[in-house]
Every structure is written in structure tokens, then in C-alpha cells.
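Results of the structural survey
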Amino acid sequence: MAEIGDLVTLGAYPQSSSDPSQKEPIQWLVLAKEEGKLLCISQLLLDCKPYHHTPEMVAWASCDLRRWLNRNFLESAFSFEEQGRILTTHLINHKGCPQYDTDDKLFLLDYEAAVDYFESEEHPMTRSALTTPYARSRGAWFLSPQETEAEDPLLYAGCWWLRLPEVTPTNNPDGLYDVLSCVNYDDYIELYASSVEETDVCVRPAFWMREG
């Protein structure tokens, strides 16, 4: 039985090669466990995608990255049987604005989850994550050998999207945004980090799955 901090394997995706046909098993870090289900996030930064194709105000419900995760990535990375283990999660994306709620198989963590599930006494895991060679071939920014020492554990670490900026109904009553929060290579969360059309930020998918 998996515990918080363990790695579980599910699905396959290109990782050590720039060739999209060369898929390898994906390892997922267990962030939470409750009532026979696990919250998992990819151990590595698997790909590099803009949040949305144009620099406009957009909600998670209608952004390109949500569609890519729940269509292209879901169908490419998981078999039909594996897709059946991934639960549909109801996401509250903007408090006080239920019209922006979504029901997703795959999603990005929001700011609160990125704070709560990492770097705490119960969850000692670091938010920092390494890019795969495949993600780097797709244009991901990463800490390169020219920028640090070879033994630096953050070598090849990248930055990854969060689902929303750190906003409240007070400062963003419409639930729309053109700048997102991201996790930096060094574990730090930038609250207003990248415009939605940026092409060098990585995707770190998350999902709830049935255990066993």
C-alpha cells in the first residue's frame, strides 16, 4: 500500500529521448492519501506547454492546457484500464464564482495545494522538480550546466505551472487572468510569474486515483 512520499507507476510518456514515440513508465509522487484514494503528481516535469495560446484573460475552465491534459495527455499516456483508475475531481477554481468550477481527470495544483502538500512536517517533499530530456527538447527552461556546478542537485530543474494565480474575489472578481503563479526551479512559488502564453514553463500533471 502506497504512503505519502512514495512513488507509484502509472502510464507511459516520452522522457529520456526527444523522440515522442519512445515512451517510458511514469512515476508519480503521492501527496495525500484518504479513503482508498491517492493524490499524485508527476515526479518529473514531463512536458512544456503554454497555459493558453494567446495573451488574453482566461479561466482554467477554458484554457488550452486543461484541454490538452484531459484529452491529448490522458489518452496518450494512459491505457483505457489506467484511465479507469483516475478519478474525476471537482475543482473549485475561484471561490465565490461556481461558474468556473470544473470536473477534471487531470489538473494542475493550485497555490494552496502547492503550499499545503510540500515542505511541511507532514509533507517534507520539496516542490523542486527536474525536467526530462524530452521536456527540454520541447523548449523547457532549466538550470543548465553553464549556470551551476555539476553536483548541484538542482541541475536540470525547471519551473512549473500552477492552475491559478494566487487571487481572491476581492482582487479578481471575474475569475479571469493573464498571468499565472509558477513554482521556480529552487522551490519558491512566484505568485505572478508567467504570462499565459509563455512557452518555456513545464507541465506537472496531478490527479486523484483509486488505490490498489
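Further up the page is the structure itself.
Residues numbered from 1 in each chain as written. Predicted model: local features only at pLDDT ≥ 70, side-chain atom pairs only at ≥ 80, totals over all residues. Heavy atoms only, no water.

What follows is about unusual backbone geometry. Located in the positive-phi region is glutamate 35, a residue other than glycine, with phi close to 50°. Structurally, the position occupied by glutamate 35 is in the loop between strand E2 (23-34) and strand E3 (37-42). The class of glutamate 35 is exposed, set by a relative accessible area of 81%. (Helix = DSSP H or I, 4+ residues; strand = E, 2+ residues; numbered from the N terminus. Buried < 20%, exposed > 50% of the residue type's maximum accessible area, 1.4 Å probe, protein only.)

Another point: the side chain of threonine 102. Mapped onto the fold, threonine 102 is located in strand E6 (residues 102-104). Threonine 102 gets classed as buried once you look at its relative accessible area, which sits at 4%. Looking at threonine 102, its side chain comes within polar contact range of the side chain of aspartate 104, at 3.0 Å. Look past the residues within four positions of threonine 102 in its chain and what remains in contact with it is Trp60, Ala61, Arg66, Thr89, His90, Leu91 and Asn93. (Polar contact = N/O pair within 3.5 Å; in protein donor to acceptor, adjacent residues only side chain to side chain. Contact = heavy atoms within 4.5 Å.)

The full count for this structure, using the stated rule, is 12 aromatic pairs. With a centroid separation of 5.8 Å and an interplanar angle of 55°, the aromatic rings of tyrosine 51 and tryptophan 161 are classed as tilted. A residue pair is termed long-range when its members are at least 10 positions apart, and tyrosine 51 in the loop between strand E4 (47-48) and helix H1 (64-77) and tryptophan 161 in strand E7 (residues 160-161) qualify at 110 residues. Each member of the aromatic cluster is reached from another via a ring pair, and the members are Tyr13, Trp28, Trp68, Phe73, Phe78, Tyr134 and Phe207. Cation over ring: arginine 204 sits above tryptophan 160, and NZ or CZ is 4.9 Å from the ring centre. (Phe/Tyr/Trp six-rings, centres within 6.5 Å; stacked < 30°, edge-to-face > 60°. Lys NZ or Arg CZ within 6 Å of the ring centre and 35° of its normal.)

If you trace the 4 strands from one edge of the open sheet to the other, you get E1-E2-E3-E11, paired in antiparallel fashion. If you trace the sheet from one side to the other, it starts and ends with strand E1 (7-14) and strand E11 (206-210), each paired once. Averaged over all pairs of adjacent strands, the angle between their axes in this sheet comes to 40°, without regard to strand direction. For E3 and E11, the ladder comprises 5 bridges, and the chain directions are antiparallel. Bridged to isoleucine 41 within E11 is alanine 206. The sheet strands contacting H1 are E1 and E2, and the helix crosses E1 at an angle near 95°. (Pairing = 2+ DSSP bridges. Axes fitted to C-alpha atoms, helices over the stretch in contact; angles between N-to-C directions.)

This part is about the pairing of strand E9 (residues 189-195). Successive side chains on a regular strand alternate, one facing one side of the sheet and the next facing the other. For strand E8 (residues 179-183) and E9, the ladder comprises 4 bridges, and the chain directions are antiparallel. Residue cysteine 182 lies in a different strand from E9, and its bridge partner there is glutamate 190. Adjacent in sequence and paired antiparallel, E8 and E9 are bridged by 5 residues, among which aspartate 187 carries a positive phi angle near 90°.

Turning next to the pattern of salt bridges. Under the criterion given, the structure shown has 7 salt bridges. The salt bridge involving aspartate 104 is made with arginine 66; its shortest N-O contact spans 2.7 Å. Within this pair, whereas aspartate 104 is found in strand E6, its partner arginine 66 is found in helix H1, the two being separated by 38 residues in sequence. You'll find aspartate 104 and arginine 66 in the same group, each marked buried. Notably, a salt bridge pairs arginine 163 with aspartate 110, separated by 3.5 Å at the nearest N-O pair. Taken as a pair, arginine 163 in the loop between E7 and E8 and aspartate 110 in the loop between E6 and helix H3 (111-116) lie far apart in primary sequence, 53 residues in all. (Salt bridge = Lys/Arg side-chain N within 4 Å of Asp/Glu carboxyl O.)

Glancing now at the layout of surface pockets. Of the pockets and cavities examined, the second largest pocket occupies roughly 170 Å³. Lining the second largest pocket are Leu7, Leu29, Gln43, Met125, Thr126, Ser128, Ala129, Leu130, Pro153, Leu154 and Arg204. Residues of the lining of the second largest pocket, tallied by class, amount to 7 nonpolar, 3 polar and 1 charged. (1 Å grid on protein atoms, 1.4 Å probe; cavity = no way out; pocket = protein on both sides within 12 Å on 5 of 7 lines; lining within 4 Å. Points joined across faces, edges and corners; volume = space filled by probe spheres on them. Nonpolar A, V, L, I, M, F, W, Y, C, P; charged D, E, K, R; others polar.)

With that settled, the discussion passes to the nonpolar core. Trp28, Tyr51, Trp60, Phe73, Phe78, Leu109 and Trp160 are the most contacted members of the largest nonpolar core, which has 63 residues in total. Aside from chain neighbours lying at most four places away, what touches phenylalanine 73 is Tyr13, Ile26, Trp28, Leu46, Trp68, Phe78, Leu106 and Pro205. (Core = buried A, V, L, I, M, F, W, Y, C linked by side-chain atoms within 4.5 Å.)

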